[in-house]
Amino acid sequence: MIHKYIFKNSHVVLDVNSGAVHVVDRIVYDILDFYGERDAAGILRELKQNYAENDIIEALQEIDTLKESGLLFTDESHIEAALLEKREAVVKAICLHVAHDCNMSCQYCFADQGAFDGVKKLMSFETGKMAMDYLLQNSGTRHNLEVDFFGGEPLMNFDVVKQLVAYGRQKEKVYDKSIRFTITTNGLLLDDDKSDYINANMDNVILSIDGRPKVHDRMRKTLSGKGSYAYIIENYRKFIKKRQGLYYVRGTFTGNNLDFSEDVRHLVDSGFQNVSVEPVVLAPSVDFAIKACDLNQICMEYDKLSDLYLDYAKEGRKFEFFHFNIDLNQGPCIIKRLSGCGAGTEYMAVSPEGDLYPCHQFVGNKAFLIGNLYDDHIENHLYDTFNAAHIYNKEACMTCWAKFYCSGGCHANAFNANGDMRKPYVLGCEMERKRVECAIGIKAELI
């Protein structure tokens, strides 16, 4: 299977199964419409009015060489879905919901303003320790592990965060592991002391901000109903001036800000170099939900964002946009390419009560409750369900050229949209395909 498209000045051809990407001449691009379906004589007849015969023959030879080298029209025989069935059940990452409480009231919040359809509660140090022990004891031979501090707003329980980091650093030596810590914050409580600690101890930081003030304040309000942009922007600017490690400012877009490339522009012009803006997945009944009729505009917006990215790069003002970061060399391992994020298998979320869920987006849904850390025995009875939710068990993925980039998409989005993790969220698929085209095309333009 191949996928070909034109991006700006580049004719791009992607060999789906090998992952090889080719920037080709127009003649090769046109021949590929007929290659494999017609013989050389038929292709010559089809294209002789547009190209010289010798040029067509030379281009055909180039395609033949790429095919013989395993870089074009490759099959899937080297990709074994059975690898997933045999992999060891180990946990490599946990998301600690240290605060089921929040000091903001965001209109699109999937977490019920931090309560996750339950009661507001902060995680105790004891529960956090048990979660850390669970990760270490169930990580098998994995050396590199991840712990995400999440909420609600984790800075509302920052003393416990610090205690857990210290505990993790102590225990990783005992188990010969290396823990990578991440924290997500809305920024309201991000003062100098917290910033200094986070910069010294967190490998990655996610700073929530939606973009332009009017966009941000419309959705992300304080508990008193005021917009929060003015409260957080200076906190973030001060933070990144000190930041030496990785960070992302993470925004969202809904039906209210389909012109989200302008939010990216605003964030970059405000001094942030690492930006992510994600589509919000909401029930169709919500008035600002993204709908199928918005897709054309969204795709045009990704084109505008590509132009912005290229223009800024050429001006020496390059920034990173999360969805345009794509590895065309080695990329993720084959198992990750088949199964995605590892929710329910390698990745778990822990509520303040110690309940285990497949990921942070399933927290509070008792149908996906795996167990509780205070139980005598925990068995992941959902392991096989999530382990089998890979691209070869998703009918829609089988013929999709982008399947090895999105790995079947988000399980939670699929379930929330369709009630079935094996039926991908269609709008998300369309947006992902466009983002991948842009990401690859940008690399082609910057060669």
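Quick note: structure is the one above.
Our subject in this report is the structure included herewith. (Residues numbered from 1 in each chain as written. Predicted model: local features only at pLDDT ≥ 70, side-chain atom pairs only at ≥ 80, totals over all residues. Heavy atoms only, no water.)

**A word on the layout of surface pockets**
Roughly 180 Å³ of internal volume is contained in the second largest pocket. If you go around the second largest pocket, the residues you meet are Ala89, Val90, Val91, Tyr134, Asn138, Thr345, Met348, Ile378, Glu379, Asn380 and Tyr383. Partitioning the lining of the second largest pocket into residue classes produces seven nonpolar, three polar and one charged. (1 Å grid on protein atoms, 1.4 Å probe; cavity = no way out; pocket = protein on both sides within 12 Å on 5 of 7 lines; lining within 4 Å. Points joined across faces, edges and corners; volume = space filled by probe spheres on them. Nonpolar A, V, L, I, M, F, W, Y, C, P; charged D, E, K, R; others polar.)

**Observations regarding the nonpolar core**
The biggest cluster of nonpolar side chains holds 102 residues, and the ones touching the most others in it are Leu96, Phe149 and Met202. Here Met202 is in contact with Phe149, Val161, Val165, Phe181, Thr182, Ile183, Tyr197 and Arg243, once residues within four sequence places are set aside. (Core = buried A, V, L, I, M, F, W, Y, C linked by side-chain atoms within 4.5 Å. Buried < 20%, exposed > 50% of the residue type's maximum accessible area, 1.4 Å probe, protein only. Contact = heavy atoms within 4.5 Å.)

**Let's talk about the pairing of strand 3 (residues 21-24)**
The two faces of strand 3 differ: His22 and Val24 on one face are buried, but Val21 and Val23 on the other face are not. With four bridges connecting them, strand 2 (residues 10-15) and strand 3 associate as antiparallel partners. Bridged to Val12 within strand 3 is Val23. A loop of five residues connects strand 2 with strand 3, the two strands running antiparallel in sequence, and Gly19 in this loop sits at a positive phi of about 85°. (Helix = DSSP H or I, 4+ residues; strand = E, 2+ residues; numbered from the N terminus. Pairing = 2+ DSSP bridges.)

**Some words on helix 7 (residues 192-201)**
Taken residue by residue, helix 7 has Lys194, Ser195, Tyr197, Ile198 and Asn199 as its buried positions. Looking at the packing, one finds that the buried side of helix 7 touches helix 6 (158-175), strand 8 (178-185), strand 9 (204-208) and helix 9 (229-242).

**Brief notes about the sheet that holds strand 1 (residues 2-7)**
Strand-to-strand pairing in sheets goes through backbone hydrogen bonds, with the strands running parallel or antiparallel. Spatially, three strands are ordered 1-2-3 in an open sheet, and the strand pairing comes out antiparallel. The open sheet has two edge strands, strand 1 and strand 3, and neither has a second partner. Taken pair by pair, the neighbouring strands of this sheet meet at an average axis angle of 25°, ignoring direction. Bridging between strand 1 and strand 2 involves six bridges; their strand directions are antiparallel. (Axes fitted to C-alpha atoms, helices over the stretch in contact; angles between N-to-C directions.)

**Re the pairing of strand 9**
Most of strand 9 is tucked away: five of the five residues are buried. Every second residue of strand 9 is oriented toward a common face, with Asn204, Ile206 and Ser208 on one face and Val205 and Leu207 on the other, all of them buried. Here strand 8 runs beside strand 9; their pairing, made up of four bridges, is parallel. The residue of strand 9 that forms the bridge with Thr182 is Asn204. In terms of handedness, the path from strand 8 via helix 7 over to strand 9 forms a crossover that is right-handed. (Right-handed = clockwise from strand over helix to strand, strands pointing away.)

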